[in-house]
Amino acid sequence: MLTATPAWADEVTVLAFGDSLTQGYGLAEADGFVPQLQGWLDEQGAEVALINGGVSGDTTAGGASRVEWSLTPEVDAMIVALGGNDLLRGIDPAVSRENLDRILAAAEAREVPVLLVGMDAPGNYGAEYEAAFDGMYPELAEAYDTLYVESFFEGLGTTDPAEARGLFQSDGIHPNAEGVGLIVEALGPKVLELIEEVD
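Since this is a predicted model, take the numbers as computed values, not measurements.

This next bit is on the nonpolar core. Within the largest apolar cluster, 61 residues are counted, with the highest numbers of intra-cluster contacts made by Leu 41, Met 78 and Phe 152. Per-element accounting of this core gives the leading share, eight residues, to helix α7 (residues 177–196). Excluding anything up to four places from it in sequence, Phe 152 contacts Leu 21, Phe 33, Ala 81, Val 117, Gly 118, Met 119, Ile 183 and Leu 187.

Pasting the structure below:
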């Protein structure tokens with residue numbers, strides 16, 4: 001069945017706001033998340049310019065502290081993909097939630113639509129931590145009426161890096177170029193939905 005490709009009258013600027021996963025840590029520049037996503041969107045005929053707002057090592061607190069100046073006037077929409085470093089540091093999910101809330105509130109105040117990308121807590125922190133961390137993303141997405149993807153790693157067929165070692169760099173944390181490609185293919189359609197929400 002043929003479907004019509006959406007037509008965007010003007011180029012939409014999307015801020016990809018995250019940590020090293022967004023920034024493209026350990027990869028050649030062209031293989032990073034933002035360049036690969038830009039290429040995917042270009043192939044769909046979308047008039048989009050992505051801004052790489054990924055900062056390696058950033059936590060939700062870092063994101064909350066820089067969101068105000070990151071949301072410059074030209075930003076039309078934002079992908080928020082933070083929380084992985086909070087997990088690595090074992091930060092209280094209540095603190096992470098408060099930081100994400102600040103980020104989403106800043107976007108809402110500027111009428112910037114958001115795609116919130118979740119992360120999955122490992123079981124080694126205990127069931128209570130895992131439930132609180134995993135639950136904050138869908139709850140905040142509902143509270144702010146944002147688009148939502150359950151996990152950044154959704155396109156890998158598993159949210160556990162140990163189960164997809166061939167798609168990760170040697171550190172077992174950051175995806176390799178092939179892994180990023182699969183992540184982009186899964187997230188891309190949601191990014192198209194995000195673009196359609198821009199007035």
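There is more to say, and it comes next.
This next bit is on the pairing of strand β4 (residues 114–117). Where burial is concerned, the two faces of β4 agree: the one with Val 114 and Leu 116 and the one with Leu 115 and Val 117 are both buried. Here strand β3 (residues 77–81) runs beside β4; their pairing, made up of three bridges, is parallel. For Ile 79, the partnering residue across the bridge sits in β4 and is Leu 115. With three bridges joining them, β4 and strand β5 (residues 147–149) adopt parallel strand pairing. Following the sheet pairing, Leu 116 is matched in β5 by Tyr 148.

Space inside the second largest pocket adds up to approximately 330 Å³. Broken down by element, the lining of the second largest pocket gets its largest block of residues, three residues, from helix α5 (residues 93–109). Grouping the constituent residues of the lining of the second largest pocket by class yields eight nonpolar, one polar and seven charged.

Calculation criteria
Residues numbered from 1 in each chain as written. Predicted model: local features only at pLDDT ≥ 70, side-chain atom pairs only at ≥ 80, totals over all residues. Heavy atoms only, no water. Core = buried A, V, L, I, M, F, W, Y, C linked by side-chain atoms within 4.5 Å. Buried < 20%, exposed > 50% of the residue type's maximum accessible area, 1.4 Å probe, protein only. Helix = DSSP H or I, 4+ residues; strand = E, 2+ residues; numbered from the N terminus. Contact = heavy atoms within 4.5 Å. Pairing = 2+ DSSP bridges. 1 Å grid on protein atoms, 1.4 Å probe; cavity = no way out; pocket = protein on both sides within 12 Å on 5 of 7 lines; lining within 4 Å. Points joined across faces, edges and corners; volume = space filled by probe spheres on them. Nonpolar A, V, L, I, M, F, W, Y, C, P; charged D, E, K, R; others polar.

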